[in-house]
Amino acid sequence: MSCKRFLTVLPLIALLLLVGVGSSQAVYRQQCPPDTDGVDTDGDGIVDNDNICVQIGGGDGYAVMGDGRHLYTFGFSAFGGPYTPDDVVNGTAPDPADAGNMWSDATNPGLVLGANFPAPTMHFKQGQKVFLTLHNVGMLIRPDLFDPHTVHYHGFPNVAAIFDGLPDSAVSINMGSSMTYFYNLVEPGTYMYHCHVEATEHMQMGMLGNFYVDPIQDNGSPITVNGKPYSKFAYNDINGATGYDVMMPLQIHSFDPVFHTEDETVQPLSFSTMRDVYPMFNGRGYPDTVNELTPTANPGDIDLILNKEGNFAQGMPALIKATAGDRVLLRVTSLSTTEHFTVISPSIPMKVVGNGAQIMRTNGDPTGTDLFYMTNSIRLGGGEATDVILDTTGVAPGTYFVYSRNLEQLSNNQEDFGGMMTEIIIQ
C-alpha cells in the first residue's frame, strides 16, 4: 500500500479501533444503595423507602412534528425498561407486563434510537434521596459523534458541583459509560433537567425533561379551602392555598428543522441563524397535543404517533381534563434555546402561585405574605418555570383552550392551525 493511500485510510482504521474498543469495554453500572439509616425523611412513616433509584439513557432517535415530518433528535429515555411512568416515578424494577408502553420500545428499551421527547418526567417527593444513573448509549445515526452527556438538574441548589452536570466543573459521561447522580430533595417545586454538554446544540436537539418534587405537606391531613378538602399541594403553604385536584405539565419547546437536518447529515451547524418553526407543548404540535393514543391501548391505530423507526418517542400528551369545580395545577416550563413564549388562557384565568421552584410568597417563605396574582397570560424564557392554578369553579362543561398568543407560533412550520396550543376539557 502506498504511503498516500495508507494515510487516506488511517482515520477510518482509527475510528474502527475506537468503536471496537468502546463496545468491548462498554459497561453500564448503577449505584442503588438500600435505605438503612432508620430515619423517615419523606414523612410517610416508613423508614426504609426514602432512597429512589432511576436510570435513563442518553442517545439519539426521531420525533414526529405536527405536520408529519420526522426530525432527527438527541434525547433521554427510560433505561432498563420497559417502564411505565409509575416505574420511573417510583424507581421500581422493569415489569415485563409493561411491554409496549409509552416510555420505550419494548424490544429495545432505553437503548439505541430510544430517545424520548420530552425526556421521561421524573416526579418525586420532598425528603426522598434520588440516585439517578445516566448511561450514554451512543448515537446510532451519527456514529462519528463521540459526544458525552450529562444531567443538569436546572434550578436545583446542588452543593456538590460534580453532580451539577456542568461540563466545565463536573464529569461528563462518555459513550458506553455510566454515572450515578445524587440529589437530596429538600425543596419542593417545579424543576427541569437537560444535558449541559454543548448545551445549545443538545437542548435544541431535544435532551430535556421535567423534574417535579411534591411537598411534604402532602403527607399531612387534608386542608379545607372554601369548603373543599385538598390533600395535594404545589408547595408547603400551611393554609392550602396551592391545593389542587389535577396536575398537568406544559413544557414549552420548539425545533428548527434546518438545524436538525444539518445535524443528521453531518453539516456545519447554523447556530447564528437558528429559527424555530415547530412550537410545541410537551413535544407535540396541535392537534397531536390532544392525541392520547398509546401503542398499548390502541395497537394498530393509524393515529398513533410512531416515528420512522416505529418507536413511540413522544409519550406525553398535553390534553387537560378536569371536572367542573376542580383546581388544575399547570407546571409550565421552558428550556427554549431561541425564544420567549407568552401562553394565554383566555377563558379560565390563571392564579400564579409559584415561580422559579418557589412559592410566590415573600422570600419564598411558606409563612410569608401572598404574592399570588390573577392573569390570563404568562411569559417564559428558556430556563424558567411558573406554577399556575386554574380554578374551574363556576366554569360550564365544555372545551377551552391554552395557546401561544403569537400567531406565528400557532402553526406546524408551513401548516396553519397547529403549533403551541392544547385543549382544556371540563366535564
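Everything numeric in this text was worked out from a predicted model, so none of it was measured. Once a new chain begins, its residue numbering starts again from 1 and follows that chain's sequence as written. Local features in this predicted model are restricted to residues whose pLDDT is 70 or higher, and side-chain atom pairs enter the listing and the counts only when it is 80 or higher, whereas totals over whole chains, interfaces and linings include all residues. By convention in this description, side-chain values take in all heavy atoms of the structure and omit both hydrogens and water.

## Details of the sheet that holds strand S15 (residues 341-344)
- Within the open sheet, the 5 strands sit side by side as S13-S24-S21-S15-S19. Their pairing is mixed. Looking at strand neighbours, the two that pair on one side only are strand S13 (320-322) and strand S19 (377-380), the edges of this open sheet. Across this sheet, the average inter-strand angle for adjacent strands is 20°, counted without regard to direction.
- Examined bridge by bridge, S15 and S19 share 4 bridges and lie antiparallel to one another. Across the sheet, Phe341 pairs through a bridge with Leu380, a residue of S19. Paired strands are those between which DSSP finds at least two bridges. Each helix is a run of H or I in the DSSP string that is no shorter than four residues. Each strand is a run of E no shorter than two, and both are numbered from the N terminus. An axis is simply a line fitted to the C-alpha atoms; with a helix, the fit covers only the stretch in contact. Between two such axes, the angle follows the N-to-C directions and lies from 0 to 180 degrees.

## Comments concerning the packing of aromatic side chains
- Side-chain rings of Phe, Tyr and Trp, where Trp is taken by its six-membered ring, are said to pair if the distance between their centres is within 6.5 Å; with planes under 30 degrees apart they count as stacked, over 60 as edge-to-face, and otherwise as tilted. Inspection of the entire model under this criterion finds 17 aromatic pairs.
- Ring centres of Phe76 and Tyr193 lie 5.6 Å apart, and the angle between their planes is 40°; on these two criteria the pair is classed as tilted. Taken as a pair, Phe76 in strand S2 (residues 70-78) and Tyr193 in strand S7 (residues 189-194) lie far apart in primary sequence, 117 residues in all. Exposure class is identical for Phe76 and Tyr193. Each is buried.
- Relative to Phe211, the ring of Tyr193 lies with its centre 6.5 Å away and its plane at 80°, an arrangement referred to as edge-to-face. One end of the pair, Tyr193, is in strand S7; the other, Phe211, is in strand S8 (residues 208-214), with 18 residues separating them in the sequence.
- Ring pairing ties together the aromatic residues Phe76, Phe124, Tyr153, Phe156, Phe163, Tyr181, Tyr183, Tyr191, Tyr193 and Phe211, which thus form one cluster.
- Above the face of the Tyr230 ring, Arg327 is positioned so that its terminal group lies 4.8 Å from the ring centre.
- If you follow Arg331 out to its NZ or CZ, it ends over the ring of Tyr212, 4.8 Å from the centre. Any residue under 20% of the maximum accessible area for its type is buried, any over 50% is exposed, and the rest in between are partly exposed; the area is computed with a 1.4 Å probe on protein chains only. Think of it as a cone above the ring: NZ of Lys or CZ of Arg counts as a charge over the ring if it is within 6 Å of the ring centre and within 35 degrees of the ring normal.

## Section: the state of the cysteines
- Disulfides are defined as pairs of cysteine sulfur atoms found within 2.5 Å of each other. Scanning all chains against the criterion turns up 1 disulfide.
- Here Cys32 engages in a disulfide with Cys53; their sulfurs sit 2.0 Å apart. Measuring handedness by torsion sign, the sulfur bridge of Cys32 and Cys53 sits at about 100° and is right-handed. Placement of the pair is Cys32 in the loop between helix H1 (3-25) and strand S1 (51-64) and Cys53 in strand S1, with a sequence separation of 21 residues.
- Given the relative accessible area of 43%, Cys32 is considered partly exposed.
- Assessed through its relative accessible area of 9%, Cys53 is described here as buried.

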